[in-house]
Each structure stands twice: as C-alpha cells, then as structure tokens.
Amino acid sequence: MQKDYLFLAIRSLKPSSQFTYEEQDYSSIKWDVLEGEAPTQAEIDAAIEQVKIDEAQAEAAKAADKAALLAKLGITA
C-alpha cells in the first residue's frame, strides 16, 4: 500500500483543515475547512519531502534501537 504523502503534507501544514482531493492531485484539492490561506503547490511539495525525510529518520532510529538491543542481549547476525 502506497503512503498518501499529499494527505500527510497537508496535515503537517494545516492540521485542523478538512479537505478532499483526487488521485494525489494538488489542483483537485477542495477545502471544506481552512484557517488562513491555502498552501501553495511549492509549500506542499516541500512538506512532502519533509515528511519523507522524517519517515526515513524514524526508520533509521528504529533500526539503530533494534541493533543496540540485540547487541545488549549478545545476539549478532
């Protein structure tokens, strides 16, 4: 299952907004509830990249924690 990065990016920029869209398409976003201005395509693209970076960092931290636990237990590959 592919992650919905558009949704995650919008949530990171406008957490209280309510919206719909079709097929991961910025131009199809319909804002039902929006405080302030709608994010631009560039802002959403940047937020998508940040979400991906945060996700990769979280995965790396999880892997490091797992490796540290295994090492502490004396288990090696």
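Coordinates for the structure precede this section.
Residues numbered from 1 in each chain as written. Predicted model: local features only at pLDDT ≥ 70, side-chain atom pairs only at ≥ 80, totals over all residues. Heavy atoms only, no water.

Enquirer: Explain the nonpolar core to me, please; I cannot follow it from the model alone.
Expert: Core analysis: the biggest nonpolar cluster contains 11 residues, these being Tyr5, Leu6, Ala9, Ile10, Phe19, Tyr21, Ile29, Ile44, Ala47, Ile48 and Val51. Of all the secondary structure elements, the ones that give two or more residues to this core are α1 (5–13) and α2 (41–72). Ignoring anything within four residues of it in the chain, the contact list for tyrosine 5 reads Gln24, Ile48, Val51, Lys52 and Glu55. (Core = buried A, V, L, I, M, F, W, Y, C linked by side-chain atoms within 4.5 Å. Buried < 20%, exposed > 50% of the residue type's maximum accessible area, 1.4 Å probe, protein only. Helix = DSSP H or I, 4+ residues; strand = E, 2+ residues; numbered from the N terminus. Contact = heavy atoms within 4.5 Å.)

Enquirer: Where do I start with α2 in this structure?
Expert: Owing to its 3.6 residues per turn, the α-helix aligns residues three or four sequence positions apart on the same side. Here α2 spans 46 Å end to end across 32 residues, near enough to the 46 Å set by a 1.5 Å rise per residue. Every buried residue of α2 is listed here: Ile44, Ala47, Ile48 and Val51. Contact partners of the buried residues in α2: α1. Residue glycine 74 follows α2 closely and has a positive phi angle near 80°. (Expected span 1.5 Å × (residues − 1).)

Enquirer: Is there a simple way to explain unusual backbone geometry in this structure?
Expert: Glycine aside, the phi torsion of most residues is negative, and most peptide linkages are trans. The backbone of glutamate 23 shows a phi angle near 50°, a positive value even though the residue is not glycine. With respect to the helices and strands, the residue glutamate 23 is situated in the loop between β1 (18–20) and β2 (30–33). By relative accessible area, glutamate 23 is classed as exposed at 78%. Notably, glutamine 24 is not glycine yet its phi reads approximately 55°, a positive angle.

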